[in-house]
Amino acid sequence: MSSSAGSVSPPESRRPGRGSILLSAIGAAAVGVVVTWWITVAQRVTVQSDADLANVRFGFPLPWITQDHSSNPFAVYPADAALRLSGRTGIPYPTTYDWLPFIGDALIWGAAAWVLGMLVLPAVVRAMRARSGRQLRSLK
């Protein structure tokens, strides 16, 4: 049997296949959706007056939820308004959703997650391995 028949390139020189790239893109898209939702729910929007309460916009960097908080004015301004998704308080918060900015936010956050997971993290790991290799060689 010849030595070239069973040769496999070392792991460092392998490039990710289409399947792994697609899987990483799907994972990054899922992360983008989760991060977009979490940021929107956790976000507080500062309102300066009663007039601002009619159109409080949530989502970052692209606002995609607009709520009318005018039925619940604050006593002192500026104040922070929070997204209300349930009617627990008995106060109505008419809400509109704009799905295109939601998709944009998810793509932005998903791309950031992909860059971190597929480019930055591997570069950091390679740098750490190279550093520890140099340290081991210097100890010998």
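You'll find the structure just up there.
Residues numbered from 1 in each chain as written. Predicted model: local features only at pLDDT ≥ 70, side-chain atom pairs only at ≥ 80, totals over all residues. Heavy atoms only, no water.

When you go through the chain residue by residue, the secondary structure sums to two helices and five strands. N-terminal to C-terminal, the α/β element order of the chain is α-β-β-β-β-β-α. Here the chain, with 140 residues, has 21% of them falling under the buried criterion. The long-range share in the chain, meaning contacts at least 24 apart out of those at least 6 apart in sequence, stands at 60%. Surface exposure of the chain reaches about 10,000 Å², of which carbon and sulfur atoms provide 65%. (Helix = DSSP H or I, 4+ residues; strand = E, 2+ residues; numbered from the N terminus. Buried < 20%, exposed > 50% of the residue type's maximum accessible area, 1.4 Å probe, protein only. Contact = heavy atoms within 4.5 Å. Areas by Shrake-Rupley, 256 points an atom, 1.4 Å probe, with all protein chains shown as cover.)

Bringing the nonpolar core into the picture now. Of all hydrophobic cores here, the largest spans 11 residues; its members are Val45, Val47, Leu53, Val56, Phe58, Trp64, Ile65, Ala79, Ala81, Leu83 and Phe102. Breaking this core down by element, the ones donating at least two residues are β1 (44-47), β2 (56-58) and β4 (79-82). Among residues more than four places away in sequence, those in contact with Phe102 are Val33, Thr36 and Trp64. (Core = buried A, V, L, I, M, F, W, Y, C linked by side-chain atoms within 4.5 Å.)

Attention now goes to a nonpolar patch on the surface. On the surface, Val115, Leu116, Met118, Leu119, Val120, Val124 and Met128 cluster together to form a nonpolar patch covering roughly 580 Å² of accessible area. Its location among the elements puts Leu116 in helix α2 (residues 99-139). Owing to a relative accessible area of 52%, Leu116 belongs among the exposed residues under this scheme. (Patch = residues over 30% accessible without salt bridge, like charges linked within 9 Å, V, L, I, M, F, W, Y side chains within 5 Å. Salt bridge = Lys/Arg side-chain N within 4 Å of Asp/Glu carboxyl O.)

A rise of 1.5 Å per residue sets the reference length of helix α1 (residues 18-42), with its 25 residues, at 36 Å; its end C-alpha atoms lie 36 Å apart and thus fit the reference within 8%. For α1, the set of buried residues is Ser24, Ala28, Gly32, Thr36, Ile39 and Thr40. (Expected span 1.5 Å × (residues − 1).)

What follows deals with unusual backbone geometry. Trans is the common state for peptide bonds, and a negative phi is the common state for residues other than glycine. With an omega of 5°, the peptide bond between Phe60 and Pro61 qualifies as cis. With respect to the helices, strands and loops of the structure, Pro61 is situated in the loop between β2 and β3 (65-67).

Next up on the list: the side chain of Gln67. With respect to the element layout, Gln67 can be found in strand β3. A distance of 2.9 Å separates the side chain of Gln67 from the side chain of Thr95, its partner in a polar contact. Setting aside anything within four residues of it in sequence, one finds Gln67 in contact with Leu53, Ala54, Asn55, Val56, Phe58, Ala82, Leu83, Arg84, Tyr93, Pro94 and Thr95. (Polar contact = N/O pair within 3.5 Å; in protein donor to acceptor, adjacent residues only side chain to side chain.)

What follows concerns the packing of aromatic side chains. Within the structure shown, the criterion is met by eight aromatic pairs. Between the aromatic rings of Tyr97 and Trp99, the centroid separation amounts to 5.6 Å while the plane-to-plane angle is 10°, which identifies the pairing as stacked. Between Trp99 and Phe102, the aromatic rings sit 5.5 Å apart at their centres with planes inclined by 85°, giving edge-to-face as the arrangement. Taken together, the positions of Trp99 and Phe102, both in helix α2 and three residues apart, correspond to about one turn of that helix. Among the aromatic residues, those joined into a cluster by ring pairs are Trp37, Trp64, Tyr97, Trp99 and Phe102. (Phe/Tyr/Trp six-rings, centres within 6.5 Å; stacked < 30°, edge-to-face > 60°.)

Purely geometric numbers; function is a separate question.
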